[in-house]
Amino acid sequence: MNYFLHESSYVDQGARIGDGTKIWHFCHVQKNAEIGKNCSLGQNVNIGCNVKIGNGVRIQNNVSVYEGVELEDNVFCGPSCVFTNVLIPRAHFPVNGVYARTVVREGASLGANCTVVCGHTIGKSAMVAAGAVVTSDVKDYALMAGVPAKQIGWVCECGRRLDGSLECGCGRSYRLTDGHLVKTR
């Protein structure tokens, strides 16, 4: 075992955990989940069956990543952010393992207490503000806020908000093409 597992946490048989990953207090990684290298799962994180998590992902305290959700490399999930996996939940009409697919693309950040309604894609390096409720797909590099979440700007790959020049102090620059932000440098 080349990862850290706190004694209060459980990893079910069939789950695969990458080297250098740290799983802190009171976590549960369910069967057939796959977690990449160098990830961090904060206190009280639940990873559902068959969930795929990339490398370098940071999941803060009190987050449940349910079956049907995929987190690509270097995603950040803020404390108590929420994923769903059923569009029409009813206790007496079980879905029998059929879950809506949600994908969070590489480098995206989800703020504390935000909610991602299932069946949507959060774009590469996008940023969802704390408390926002995502009810539609999110473009790459989009800055989303509100209930329901609306795009209020663009962010650089490094996370800084971009002004009208679409150039960041970190040296990266972008251009708008058909309503989508494209990295140029």
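For the structure, check the block above.
This report concerns the structure included in the present document. Remember, predicted model here, so these are calculated numbers, not experimental data.

### What about the overall build of the protein chain?
Check the secondary structure of the protein chain and you find 0 helices and 24 strands. In terms of overall dimensions, the protein chain is globule-like: its C-alpha atoms have a radius of gyration of 17 Å, near the 16 Å expected for 185 residues. Counting only C-alpha atoms and orienting by the principal axes, one finds that the protein chain spans roughly 50 × 40 × 20 Å. Out of the 185 residues belonging to the protein chain, those deemed buried represent 41%. For the protein chain, the share of sequence-separated contacts (at least 6 apart) that also reach a separation of at least 24 residues comes to 16%. For the protein chain, the accessible area works out to roughly 9,500 Å², and carbon and sulfur atoms hold 48% of it. The protein chain carries 18 positive and 15 negative side-chain charges, and their two centres are separated by 3 Å.

### Describing the sheet that holds strand β12 (residues 69-71)
Pairing in this open sheet of 6 strands is parallel, and the strands run β3-β6-β9-β12-β15-β18 from one edge to the other. One side of each edge strand has no neighbouring strand; the edge strands of this open sheet are β3 (16-17) and β18 (121-122). Across 2 bridges, the pairing between strand β6 (residues 34-35) and strand β9 (residues 52-53) is parallel. What sits directly across from I35, in β9, is I53.

### Details of the sheet that holds strand β19 (residues 127-128)
Here we have 9 strands laid out as an open sheet, ordered β1-β4-β7-β10-β13-β16-β19-β21-β22, and mixed in their pairing. Because the sheet does not close on itself, it has two edges, and the strands there are β1 (4-5) and β22 (150-154). The sheet contact formed by strand β21 (residues 142-145) and β22 spans 4 bridges and is antiparallel. Residue A142 lies in a different strand from β22, and its bridge partner there is W154.

### A short note on the state of the cysteines
Across all of its chains, the model carries 0 disulfides by this definition. With no disulfide of its own, C49 lies closest to C27 among cysteine sulfurs, the gap being 16 Å. Not engaged in a disulfide, the cysteine C170 finds its nearest cysteine sulfur in C168; these two sulfurs lie 3.6 Å apart.

### Some words on the side chain of T102
Looking at where T102 falls in the secondary structure, it is placed in strand β15 (residues 102-104). Residue classification places T102 among the buried residues on the basis of a relative accessible area of 0%. Once you skip the residues sitting within four places of it in the chain, T102 turns out to touch G68, V69, E70, T84, V116, V117, C118, G119 and H120.

### Notes on the environment of E167
One can find E167 in the loop between β22 and β23 (174-177). When the C-alpha atoms of E167 and G107 are compared, they prove to be 18 Å apart, with 60 residues separating the residues in sequence. When near neighbours in sequence (up to four residues on either side) are disregarded, E167 contacts L162, R172, S173 and R185.

### Here's the deal with the pattern of salt bridges
Opposite charge on two side chains makes pairing possible when the charged atoms of those side chains draw close. A complete count under the given rule lists 5 salt bridges for this structure. Notably, a salt bridge pairs R105 with E72, separated by 2.6 Å at the nearest N-O pair. Residue R105 is found in the loop between β15 and β16 (109-110), and its partner E72 is found in the loop between β12 and β13 (76-77); the two are separated by 33 residues along the sequence. Judged by its relative accessible area of 32%, R105 is partly exposed. Residue E157 pairs with K183 through a salt bridge whose shortest N-O separation is 3.0 Å. Here E157, found in the loop between β22 and β23, pairs with K183, found in strand β24 (residues 180-183); they are 26 residues apart in sequence, far enough to count as distant.

Criteria and thresholds
Residues numbered from 1 in each chain as written. Predicted model: local features only at pLDDT ≥ 70, side-chain atom pairs only at ≥ 80, totals over all residues. Heavy atoms only, no water. Helix = DSSP H or I, 4+ residues; strand = E, 2+ residues; numbered from the N terminus. Rg over C-alpha atoms; globule rule 2.2 N^0.38 Å. Buried < 20%, exposed > 50% of the residue type's maximum accessible area, 1.4 Å probe, protein only. Contact = heavy atoms within 4.5 Å. Areas by Shrake-Rupley, 256 points an atom, 1.4 Å probe, with all protein chains shown as cover. Lys, Arg positive; Asp, Glu negative; His and termini not counted. Charge placed at Lys NZ, Arg CZ, Asp CG, Glu CD. Pairing = 2+ DSSP bridges. Disulfide = S-S within 2.5 Å. Salt bridge = Lys/Arg side-chain N within 4 Å of Asp/Glu carboxyl O.

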